[in-house]
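# An overview of the molecular structure
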Amino acid sequence: MTHYESYPRRDWPRLLLALPPQKVMEAARELTERCLVDDQALPQSGLALLQLRDGALAEPYFIGEIPLSRAHVTVVDDKGEKGEGAAQILDDRASLARAMAILDAVLANKLNGSENIEILLEEGARRLLRDEASRSVILKRTRVDFSLLDATGEDNEI
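Now for a description of the structure that goes with this document. Just so you know, these numbers come straight off a predicted model, no measurement behind them.

As a further point, take the overall build of the chain. A count of helices and strands for the chain gives four helices and three strands. For the chain, the sequential pattern of α-helices and β-strands runs α-α-β-β-β-α-α. Expressed along its principal axes, the backbone C-alpha trace of the chain runs to roughly 85 × 40 × 25 Å. Per-residue burial over the chain gives 31% buried out of 158 residues. Of all intrachain contacts in the chain linking residues separated by at least 6 positions in sequence, the fraction that spans at least 24 positions is 59%. As displayed, the chain has an accessible area near 10,800 Å², and 52% of this comes from carbon and sulfur atoms. Measuring between centres, the 20 positive side-chain charges of the chain sit 5 Å from its 28 negative side-chain charges.

In structure tokens, the structure reads:
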């Protein structure tokens, strides 16, 4: 069992999005030089409506639009092995979604070159952990202990 298998496939986009986009695009470009990539659907980018349900009446309502890009590809590596991959990301760059779909196809199907993508996943996981630790420090600094407000020693009752 390789180390990347500890991350579910559904987490791969999040881990890859933690990296600079140029790094993801470069990895996909290197793979396309050695592999045949066929788009199963044209990469698309646009806006999606974000729908939630009202808490009181459980009626749906739209809170706004979010950028959404998606791609679906088939990759054939230099050994003739074939695999499909897809990506759907909250970003307006269809080229980034296509790059991530290529990486998904290679890694999910263990095609030639998947070792490099495993390294990218590990790097993305490290970045996410570092960002989470940073946020935790900021949260601790801004935490307020409201129990101290009542400990003034004064009796506020009339």
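Look at A58: it is not a glycine, yet its phi comes out positive at around 60 degrees. Within the secondary structure layout, A58 lies in the loop between β1 (36–53) and β2 (60–76). Here the phi dihedral of K110 falls at roughly 50 degrees; this positive angle occurs in a residue that is not glycine. Following the sequence through the fold, K110 ends up in the loop between α3 (94–108) and α4 (114–142). For K110, a relative accessible area of 55% gives the class exposed.

So, about a nonpolar patch on the surface. On the surface, L50, L52, Y61 and I63 cluster together into a nonpolar patch covering about 330 Å² of accessible area. Counting only elements with at least two residues in the nonpolar patch, the list comes to β1 and β2. With respect to the helices, strands and loops of the structure, L50 is situated in strand β1.

Rules of the game
- Residues numbered from 1 in each chain as written.
- Predicted model: local features only at pLDDT ≥ 70, side-chain atom pairs only at ≥ 80, totals over all residues.
- Heavy atoms only, no water.
- Helix = DSSP H or I, 4+ residues; strand = E, 2+ residues; numbered from the N terminus.
- Buried < 20%, exposed > 50% of the residue type's maximum accessible area, 1.4 Å probe, protein only.
- Contact = heavy atoms within 4.5 Å.
- Areas by Shrake-Rupley, 256 points an atom, 1.4 Å probe, with all protein chains shown as cover.
- Lys, Arg positive; Asp, Glu negative; His and termini not counted.
- Charge placed at Lys NZ, Arg CZ, Asp CG, Glu CD.
- Patch = residues over 30% accessible without salt bridge, like charges linked within 9 Å, V, L, I, M, F, W, Y side chains within 5 Å.
- Salt bridge = Lys/Arg side-chain N within 4 Å of Asp/Glu carboxyl O.

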